[in-house]
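Okay, here's what each chain looks like letter by letter:
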Amino acid sequence: MKHLAKAILTMGLTHILSPGSLFAQPLPDDVGKQLVEAHCNACHTSDRIASSVGYNQTGWQHLIATMVNLDGNPNREKITAYLAKHFPPKSRRNPQLVEGDLSVTFEEWVVPTLGQRSRDPIEAPDGSIWWAGQWGNLIGSINPQTGEMREYPLPASAMPHTVTHDSNGNIWYTGNKNGTMGKLNPQTGEITEYKMPDPQAKDPHSAIFDDNGALWFTLQHSNMVGRLIPSTGEIKLVTMPTQDARPYGIKIDSQGTPWVACNGSNCLVKVDPTTMSLSEYPLPNESTTVRRLDIADDGMIWYVNSGRGRLGRLNPDNGEVKEWPSPSGPNSHPYAIAVIGDAIWYNESGKRPDALVRFDRKNETFQSWPIPTGKGDAQIFAGIVRHMRPTRDGNLLIHQSATNRIIRVKPEAQKN
């Protein structure tokens, strides 16, 4: 129970709920309750409804349409009327937005399979965009020039957590529920699975290739870091020095050294790429936890202090740490992060809607925007962005899992 309580504090309640969760709260008794339970709770608990930003009836119709097709269903009006009555728009979790001189545009694609919880998009060498459809047990690709999309079903129970690519154009995914790493050949559609060599290694999580072609990955709840050599299929695993450190995000620095974020402890960890020995770098305050990190061109390690609502920077040469409070405060739960030039981008996942935040690392100033989904009267606000990665031309790829969208953010010229 001690570790479960820490998980709740670390992640925020809505981040650990899943179908069948012990924390599911009952829906209010009223006409339509049983219909909502039948259509919504089949995939997720009612807590996800209660923790949403809330919508009017039209908004609920737009949101539900991204999860399940109720066209022609005579009960759709009853369902959405119930939701609008008991879960109307609310502002208690609104982000504290910061104005600035930069503008951004959000270009989005709605992925084909409803309710798949699309996430973790990445740009491949040929310019295509790939994503993981976690609940749909698939990965997919977008041709951003034509909008054409294709989805690839995965072996049973893979439930991919992320995707990445190698230098040959193969797409790799982490089999978060079946203890595998998987490789897709986009030319043939062939999938090759690599099973974890240790039965305790159950949940490959985030993954990234180094310049030598080795695939590095984290296993959050197994508390391990792994390395896969594709040419031989060899997998080596090491356990984190701290119990329940829960390794999460992983990045490679310019020297080929992997760095790992601790989502269950106040540390970052450096991995020796040859021996796989692990070195912890402690971060201030025991309530600090880190979802993800990224590395700037000067070697500084930037991270989101998810537990305390802060943006942080570690100097790996001397261990010096500096942090800045995120605009929306200690409960903002920063999550994903990406360094693009002089800007640090991240999101505040504890707010509704998520705020996309830009930090100018030269001037140490913030600017932020609400992350939308849809357009016009179909626009709704939903979270949570769990990963973001840059494109080669300086744009940013994010996602909205709850609404089945992959989003490309384009920073525009400064406002006059």
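Quick notes on the rules
- Residues numbered from 1 in each chain as written.
- Predicted model: local features only at pLDDT ≥ 70, side-chain atom pairs only at ≥ 80, totals over all residues.
- Heavy atoms only, no water.
- Helix = DSSP H or I, 4+ residues; strand = E, 2+ residues; numbered from the N terminus.
- Rg over C-alpha atoms; globule rule 2.2 N^0.38 Å.
- Buried < 20%, exposed > 50% of the residue type's maximum accessible area, 1.4 Å probe, protein only.
- Contact = heavy atoms within 4.5 Å.
- Areas by Shrake-Rupley, 256 points an atom, 1.4 Å probe, with all protein chains shown as cover.
- Domains from an automatic or database assignment.
- Buried area = accessible area lost by both parts, 1.4 Å probe.
- Salt bridge = Lys/Arg side-chain N within 4 Å of Asp/Glu carboxyl O.
- Pairing = 2+ DSSP bridges.
- Phe/Tyr/Trp six-rings, centres within 6.5 Å; stacked < 30°, edge-to-face > 60°.
- Lys NZ or Arg CZ within 6 Å of the ring centre and 35° of its normal.
- Disulfide = S-S within 2.5 Å.
- pLDDT = per-residue confidence, 0-100.

Draft legend 1. Seen up close, the overall build of the chain. The number of helices and strands found in the chain is six helices and 28 strands. Computed over the C-alpha atoms, the radius of gyration of the chain is 21 Å, within 12% of the 22 Å expected from 2.2 N^0.38 for a compact globule of 416 residues. A principal-axis box enclosing the C-alpha atoms of the chain has dimensions of 60 × 50 × 50 Å. Residues counted as buried form 56% of the 416 residues belonging to the chain. Residue pairs at least 24 apart in sequence account for 49% of intrachain contacts in the chain once pairs closer than 6 positions are excluded. When the accessible surface of the chain is totalled, it reaches about 17700 Å², and 48% of it is carbon and sulfur.

Draft legend 2. Layout of the environment of Ser46. Topologically, Ser46 is positioned in the loop between helix 3 (33-39) and helix 4 (47-50). Between the C-alpha atom of Ser46 and that of Phe87, which follows or precedes it by 41 residues, the distance is 11 Å.

Draft legend 3. Looking closely at unusual backbone geometry. Residue Pro353 follows Arg352 across a cis peptide bond; omega there is 0°. The residue Pro353 is located in the loop between strand 23 (343-348) and strand 24 (355-360) in this model. Residues other than glycine seldom take positive phi values, yet Asp244 does so here, at roughly 60°. Structurally, the position occupied by Asp244 is in the loop between strand 13 (234-239) and strand 14 (247-252). Judged by its relative accessible area of 28%, Asp244 is partly exposed.

Draft legend 4. Highlighting the domain arrangement of the chain. Assigned domains of the chain: these are domain 1 (31-86) and domain 2 (102-413). The straight-line distance from the C-alpha centre of domain 1 to that of domain 2 is 30 Å. Interface area for domain 1 against domain 2, summed over the two sides, is near 1100 Å², with a carbon-plus-sulfur share of 62%. At the boundary of domain 1 with domain 2, the tally comes to zero salt bridges.

Draft legend 5. Layout of the pattern of salt bridges. Under the criterion given, the structure shown has 18 salt bridges. Notably, a salt bridge pairs Glu107 with Lys410, separated by 3.8 Å at the nearest N-O pair. Separated by 303 residues along the polypeptide, Glu107 in strand 1 (residues 104-110) and Lys410 in strand 28 (residues 405-411) bring together distant segments of the chain. The class of Lys410 is partly exposed, set by a relative accessible area of 29%. Put simply, Asp297 and Arg361 hold a salt bridge, and the shortest N to O gap is 2.9 Å. Placement of the pair is Asp297 in the loop between strand 18 (290-295) and strand 19 (301-305) and Arg361 in the loop between strand 24 and strand 25 (365-370), with a sequence separation of 64 residues.

Draft legend 6. Up close: the sheet that holds strand 1. Pairing is antiparallel across the open sheet formed by four strands, whose spatial order is 1-28-27-26. Unpaired on one side and paired on the other, strand 1 and strand 26 (389-390) mark the two borders of the sheet. Both strand 1 and strand 28 contribute to a ladder of seven bridges, which runs antiparallel. The residue bridging Glu108 from the neighbouring strand is Ile407, located in strand 28.

Draft legend 7. Quick peek at the packing of aromatic side chains. This model, assessed by the stated rule, comprises eleven aromatic pairs. Taking 5.0 Å as the distance between ring centres and 55° as the angle between the ring planes, the aromatic pair formed by Trp259 and Tyr281 counts as tilted. With Trp259 in strand 15 (residues 258-262) and Tyr281 in strand 17 (residues 278-282), this pair connects stretches of sequence that are 22 residues apart. Here the two residues Trp259 and Tyr281 agree in accessibility, since each one is buried. Ring centres of Trp302 and Trp324 lie 5.4 Å apart, and the angle between their planes is 20°; on these two criteria the pair is classed as stacked. One end of the pair, Trp302, is in strand 19; the other, Trp324, is in strand 21 (residues 321-325), with 22 residues separating them in the sequence. A single burial state applies to Trp302 and to Trp324, both of which are buried. The rings of Trp302, Trp324, Phe359 and Phe366 are connected pair by pair, giving a single aromatic cluster. Directly above the aromatic system of Trp135 lies the positively charged group of Arg117, at a separation of 4.8 Å from the ring centroid.

Draft legend 8. Local environment of the state of the cysteines. Within this structure, the stated rule accounts for one disulfide. In this model Cys262 forms its disulfide with Cys267; the gap between the sulfur atoms is 2.4 Å. Across the S-S bond of Cys262 and Cys267 the torsion is about -90°, and the bridge reads as left-handed. Like Cys262, the residue Cys267 is buried in the burial classification. Left unpaired, Cys40 is separated from the closest cysteine sulfur, that of Cys43, by 8.6 Å. In this structure Cys40 comes out as buried when scored by relative accessible area, which is 12%.

Draft legend 9. Representation of the confidence of the model for the chain within the structure. On average, residues of the chain score 90 in pLDDT, and 91% of them reach the 70 mark or higher. Low pLDDT (under 50) marks residues 1-23, which in the prediction has 42 contacts with non-local residues, meaning those over four places away or in another chain.

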